[in-house]
Amino acid sequence: PQMSIDVVSIFPEYLAGLQLSLIGKAVDRGQLSLNVHDLRDFTFDRHNTVDDSPYGGGAGMVMKAEPWALALEHILGGGSGAEEGDSLPSAGTDDAAVGSKPTLIVPSPAGQVFDQRIAEDLAGRDHLVFACGRYEGIDQRVIDWAGEHFELLPMSIGDYVLNGGEVASMVMIEAVSRLIPGVIGNPESLTEESHEDGLLEYPIYTKPANWRGREVPEILLSGNHAAIARWRRDRRLERTAEVRPDLLEKLDDLSKDDRAALE
Ligand SMILES: Nc1c(O)cccc1[N+](=O)[O-]
């Protein structure tokens with residue numbers, strides 16, 4: 001596969017949604033391998049303990065280090081099929097051998113904020129591993145240990161409080177895997193989207209031309225493709241100025257027509 005993705009979680013069924021639709025098809029086509037691992041499979045006490053109380057006191061529980069290290073070692077050892085499952089002979093081509101470590105993404109409010117640029121970067125990598133923390137988080141020593149075996153990326157999907165990393169991992173996996181060539185049927189649909197080129201997308205319409213008395217903008221029925229392209233760009237500029245002026249600040253290639261649309 002072009003990319004292998006592993007996810008470790010105490011709620012593996014949370015990730016079941018990824019098996020559906022586009023990502024599911026890409027997995028079936030062998031473009032992507034997705035393996036979800038239950039952290040509790042790496043505990044061996046009677047209660048499958050994954051957490052304990054925090055040193056130094058405080059509310060909540062902390063995820064114990066050993067189960068995490070065992071789960072991540074299992075994945076490093078090819079337990080995910082990332083190396084074993086490659087269509088090419090894996091001898092000498094697995095990550096460790098060629099020196100590029102797998103990427104370990106740890107969803108966390110203390111991470112760098114995920115965006116389309118980061119999604120594009122991650123889409124070019126061979127092996128992504130997502131560590132979904134719960135409770136108050138994971139014993140810091142696991143993160144320190146993992147830094148020796150993975151390229152470590154603490155990553156936040158936004159400044160709000162979640163109960164764990166599963167939903168954040170699904171957001172990032174969806175954003176990344178749809179960029180893998182062939183995963184999205186029509187590559188055309190990857191352009192002119194919000195955040196693809198820094199502008200929000202234009203308003204979109206389909207039949208009927210008159211819906212409950214509301215007409216589709218005339219220009220879209222004109223067949224004048226240059227005028228339609230101009231109208232769409234104007235709408236994108238207006239909408240971005242209205243909703244996300246911060247994105248507009250970043251644009252440095254506005255044309256004279258663009259500026260006119262923003263007057
Ligand atoms: N924000 C948050 C959290 O509160 C817990 C886990 C992961 C995230 N995040 O990725 O943004």
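Residues numbered from 1 in each chain as written. Predicted model: local features only at pLDDT ≥ 70, side-chain atom pairs only at ≥ 80, totals over all residues. Heavy atoms only, no water.

Draft legend 1. Here's a closer look at the site of the ligand. Taken together, Pro 107, Ser 108, Pro 109, Met 155, Ser 156, Ile 157, Gly 158, Tyr 160, Val 161, Leu 162, Gly 164 and Ala 168 make up the full set of residues adjacent to the ligand. Contact between the ligand and Ser 156: an oxygen atom at 3.3 Å from a side-chain N or O atom of the residue. Tyr 160 is positioned such that a nitrogen or oxygen atom in its backbone is 2.8 Å from a nitrogen atom of the ligand. Alone, the ligand offers 290 Å² of accessible surface; in the complex the protein occludes 93% of this. At 3 residues, the largest contribution of residues to the shell around the ligand is made by strand 5 (residues 103-113). (Near = heavy atom within 4 Å. Polar contact = N/O pair within 3.5 Å; in protein donor to acceptor, adjacent residues only side chain to side chain. Areas by Shrake-Rupley, 256 points an atom, 1.4 Å probe, with all protein chains shown as cover. Helix = DSSP H or I, 4+ residues; strand = E, 2+ residues; numbered from the N terminus.)

Draft legend 2. Broad picture of the confidence of the model for the protein chain. Taken over all residues, the pLDDT of the protein chain has a mean of 90, while the share at 70 or more is 89%. A low-confidence stretch, residues 83-93 stays under pLDDT 50, and its non-local contacts, those more than four residues away or across chains, total 17 contacts. Predicted complex metrics record ipTM = 0.99 and pTM = 0.89. (pLDDT = per-residue confidence, 0-100. Contact = heavy atoms within 4.5 Å.)

Draft legend 3. Region of the structure containing the side chain of Thr 103. Residue placement: Thr 103 occurs in strand 5. Looking at Thr 103, the relative accessible area reads 2%, which means it is buried. Each residue touching Thr 103, except ones within four places of it in the same chain, is listed here: Leu 122, Arg 125, His 127, Leu 128, Val 129, Phe 150, Glu 151 and Leu 153. (Buried < 20%, exposed > 50% of the residue type's maximum accessible area, 1.4 Å probe, protein only.)

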